[in-house]
Amino acid sequence: MTASSAPRVRIAEARAHIGQTVEIAGWLYNLRKSGKIVFPIVRDGSGIIQCVGAKADLGDEPFESLKRLTQESSLIVRGVLRADERAVGGVELDVHGFSIVQRVSEEAPYPITPKEHGIEFLMDHRHLWLRSLRQHAVLRVRHEVIRAVRDYFDSNGFTLVDTPVFTPAACEGTTTLFEVDYFDDEKAYLTQSGQLYNEATAMAFGKVYCFGPTFRAEKSKTRRHLTEFWMVEPEMAYATLDDVKQVAEEMVVFVVRRVLENRRADLAVLERDVARLEAVLPPFPKISYDEAVAILQSKGSTIEWGGDLGGGDETILSEMYDRPVMVDRYPSAVKAFYMQPDPERPEVALGVDVLAPEGYGEIIGGGQRVHDLALLEQRIAAHELPREAFEWYLDLRRYGTVPHGGFGMGIERCVSWICGLEHVRETIAFPRMLYRLRP
Ligand code: 4AD
Ligand code: MG
């Protein structure tokens with residue numbers, strides 16, 4: 001596809017080549033015409049650039065061909081890069097020649113036009129919608145969040161040890177398991193969390209994390225729920241609830257700062273109020289579940305002590321602070337079997353949720369795990385979990401058990417908050433939800 005000897009540059013790097021003849025390989029994003037000049041706007045995945053094509057330079061026939069070019073046709077343009085402070089990216093390309101790789105038919109034009117489309121239409125065309133500027137900005141922020149999370153753990157002594165997707169038993173409760181046929185009539189389940197395996201690797205490496213897709217067969221149709229989402233989960237041996245809270249706070253602060261440093265332009269595309277993100281500094285407010293219930297009741301919630309916080313409750317709490325709030329010591333009864341009870345108050349668990357501000361709600365859940373063998377055996381029985389499937393997990397309490405803990409952060413919830421989105425569905429390239437398995 002090289003139509004000339006001019007070096008090919010990516011639009012993101014165009015500024016470094018001002019004055020040079022280059023070629024750009026991309027797609028037609030939009031096109032304006034004005035008499036004997038056309039202004040094709042080309043995108044190449046790294047950015048967009050306005051090009052200027054004059055009839056006098058191109059010749060009659062090529063000029064007409066370019067003028068009639070349809071949205072999202074693929075093309076390679078050649079010309080000279082010129083600084084122009086008014087242009088997006090501060091640079092324009094004067095077109096000297098071009099080749100069309102594929103012209104999109106005028107009879108069946110690109111379905112997503114600059115006019116408003118409904119969300120279902122856009123979701124049905126997600127494979128194409130990904131080409132638009134907003135979606136680009138969101139997915140770039142996602143990339144930055146993931147990179148920052150990895151950098152945080154990699155530079156703080158954690159070893160990445162990824163955990164399996166096929167698992168023989170539940171981690172977060174049996175009601176939200178996706179079952180698959182394994183071999184010889186055996187059933188397997190798609191993992192809900194890498195935590196249990198992380199506990200094993202933490203006893204081997206001290207500090208570990210896993211990062212991968214997790215699955216929940218949740219029949220919740222809310223702006224916070226996906227059936228497949230990516231979770232990063234650190235786990236630490238010899239750690240208490242306070243250690244878990246400290247790492248969670250440091251990690252969130254680090255991630256937000258990185259996005260502010262590197263993705264300002266994308267946040268601008270999303271019209272995100274960055275002052276709200278700049279406020280995300282330590283220390284985060286920390287309240288207990290008891291305090292949360294009292295606050296919620298005073299604000300009209302119907303929550304009673306003992307119940308889990310509803311989505312509405314989380315929204316109320318998270319709108320009260322300018323930074324994430326940590327809520328700890330939930331009733332053991334509403335939390336998973338592995339949560340360590342508070343020795344001073346066994347009816348509450350040494351667990352913590354981190355609620356993002358501006359109404360976003362829970363982005364992190366974690367805490368200290370039961371490390372005592374007898375107690376863990378009791379909890380497995382009380383939750384009616386299949387004991388055989390947990391024998392290996394009980395081994396971790398038989399051979400050098402220590403207090404330990406960790407947490408999980410859902411990447412999509414974090415990205416949704418940082419980008420200021422209405423719904424998590426735009427934070428992943430191909431979302432999987434209760435009513436959406438396609439495209
Ligand atoms: O609070 P959860 O269920 O905690 C666990 O899975 C623990 N085993 C993690 C650990 O301690 N290692 O889930 C953790 C986070 C939530 O705070 C939320 O951000 C995200 O995972 N999450 C979801 N994100 C999108 N869609 C869903 N259906 C989610 N369920 C949980
Ligand atoms: Mg949770």
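Structure: see above.
Residues numbered from 1 in each chain as written. Chains lettered and ligands numbered in written order. Predicted model: local features only at pLDDT ≥ 70, side-chain atom pairs only at ≥ 80, totals over all residues. Heavy atoms only, no water.

As a further point, take the side chain of Thr427. Of note, Thr427 is situated in the segment after helix 14 (411–419). Taking relative accessible area as the criterion, Thr427 reaches 0% and is therefore assigned buried. For Thr427, the contacting residues outside a window of four places in its chain are Val138, Leu139, Arg142, Glu412, Val415, Ser416 and Leu421. (Helix = DSSP H or I, 4+ residues; strand = E, 2+ residues; numbered from the N terminus. Buried < 20%, exposed > 50% of the residue type's maximum accessible area, 1.4 Å probe, protein only. Contact = heavy atoms within 4.5 Å.)

Our next topic: the pairing of strand 18 (residues 404–410). Most of strand 18 is tucked away: seven of the seven residues are buried. Side-chain alternation along strand 18 places His404, Gly406, Gly408 and Gly410 on one buried face and Gly405, Phe407 and Met409 on a second face that is also buried. Pairing analysis gives five bridges linking strand 11 (residues 228–237) to strand 18, with the strands arranged antiparallel. Bridge pairing links Ala237 to His404 in strand 18. Of the strand pairs in this sheet, strand 17 (residues 361–368) and strand 18 are connected by five bridges, and their pairing is antiparallel. Residue pairing for strand 18: Ile364 is matched across the bridge by Met409. (Pairing = 2+ DSSP bridges.)

Moving on, we come to the state of the cysteines. Scanning the entire structure with this criterion turns up zero disulfides. Of all cysteine sulfurs, the one in Cys210 lies closest to Cys171, which takes part in no disulfide; the gap is 9.7 Å. Its relative accessible area of 5% is what places Cys171 among the buried residues. Here Cys419 is not cross-linked by a disulfide; its sulfur's nearest cysteine counterpart is in Cys414, at 9.1 Å. When its relative accessible area of 2% is taken as the criterion, Cys419 is described as buried. (Disulfide = S-S within 2.5 Å.)

Further remarks concern the nonpolar core. Residues Val145, Phe153, Met251, Ile364, Trp417 and Ile418 are the most contacted members of the largest nonpolar core, which totals 49 residues. Among the elements of the structure, helix 5 (133–154), strand 10 (207–215), strand 11, helix 7 (241–262), strand 16 (351–356), strand 17, strand 18 and helix 14 are those that each provide at least two residues to this core. With twelve residues, helix 7 is the single largest residue contributor to this core. Setting aside residues up to four positions removed in sequence, Ile364 forms contacts with Ala248, Met251, Val252, Val352, Asp353, Val354, Phe407, Gly408 and Met409. By size, the runner-up hydrophobic cluster in this structure holds 22 residues, among which are Ala14, Leu31, Leu75 and Val95. (Core = buried A, V, L, I, M, F, W, Y, C linked by side-chain atoms within 4.5 Å.)

Turning to the site of ligand 1, a few remarks are in order. Near ligand 1 lie 23 residues; those nearest to it are Glu172, Gln195, Glu218, Glu233 and Glu362. In the environment of ligand 1, a nitrogen atom lies 2.7 Å from a nitrogen or oxygen atom belonging to the side chain of Glu218. Between an oxygen atom of ligand 1 and a main-chain N or O atom of Gly410, the distance comes to 3.1 Å. Considering ligand 1 on its own, with 630 Å² of exposed area, one finds that the protein chains cover 94% of that surface. Listed by contribution, the elements that provide at least two residues to the shell around ligand 1 are strand 11, strand 17 and strand 18. Looking at the shell around ligand 1 residue by residue, the classes come out as seven nonpolar, eight polar and eight charged. (Near = heavy atom within 4 Å. Polar contact = N/O pair within 3.5 Å; in protein donor to acceptor, adjacent residues only side chain to side chain. Areas by Shrake-Rupley, 256 points an atom, 1.4 Å probe, with all protein chains shown as cover. Nonpolar A, V, L, I, M, F, W, Y, C, P; charged D, E, K, R; others polar.)

Right, let's talk about the packing of helix 10 (residues 289–298) against helix 11 (residues 311–318) for a bit. Contact geometry for helix 10 and helix 11: axes closest at 10 Å, N-to-C directions at 90°. On the basis of their axis angle, the class for helix 10 and helix 11 is roughly perpendicular. Mapping the contact onto sequence places Ala292, Ile295 and Leu296 in helix 10 and Asp313, Ile316 and Leu317 in helix 11. Each residue belonging to the contact of helix 10 with helix 11 can be placed in one class, and the counts come to five nonpolar, no polar and one charged. (Axes fitted to C-alpha atoms, helices over the stretch in contact; angles between N-to-C directions. Parallel < 35°, antiparallel > 145°, perpendicular 65-115°, else oblique.)

Quick look at the pattern of salt bridges now. Scanning the model with the defined rule gives 38 salt bridges in all. For Glu199, the salt bridge is made with Arg397, and the minimal N-O distance between the two is 2.7 Å. Here Glu199 is found in helix 6 (residues 195–205), whereas its partner Arg397 is found in helix 13 (residues 391–398), with 198 residues between them in sequence. Take Glu199 and Arg397: they sit in the same class, and that class is buried. A network of salt bridges, in which partner residues are shared, links Arg82, Asp84, Arg86, Glu92 and Asp94. (Salt bridge = Lys/Arg side-chain N within 4 Å of Asp/Glu carboxyl O.)

Turning next to the environment of Ile287. Along the chain, Ile287 turns up in strand 12 (residues 286–288). Note on Ile287: relative accessible area 10%, which makes it buried. Separated by 40 residues in sequence, Ile287 and Val327 have C-alpha atoms that sit 5.1 Å apart.

Before going further, it helps to spend a moment on the sheet that holds strand 16. The sheet built from eight strands is open, its strands ordered 6-10-11-18-17-16-13-12 with mixed pairing. A single partner strand is all that each edge strand has here, and the edge strands are strand 6 (159–160) and strand 12. Sitting on the sheet, helix 10 is in contact with strand 12 and strand 13 (325–328), with an inclination near 85° to strand 12.

Here helix 14 lies mainly inside the structure; eight of its nine residues are buried. Along helix 14, the positions that sit buried rather than exposed are Ile411, Glu412, Cys414, Val415, Ser416, Trp417, Ile418 and Cys419. Positive phi shows up at Gly420, right after helix 14, with a value of about 70°.

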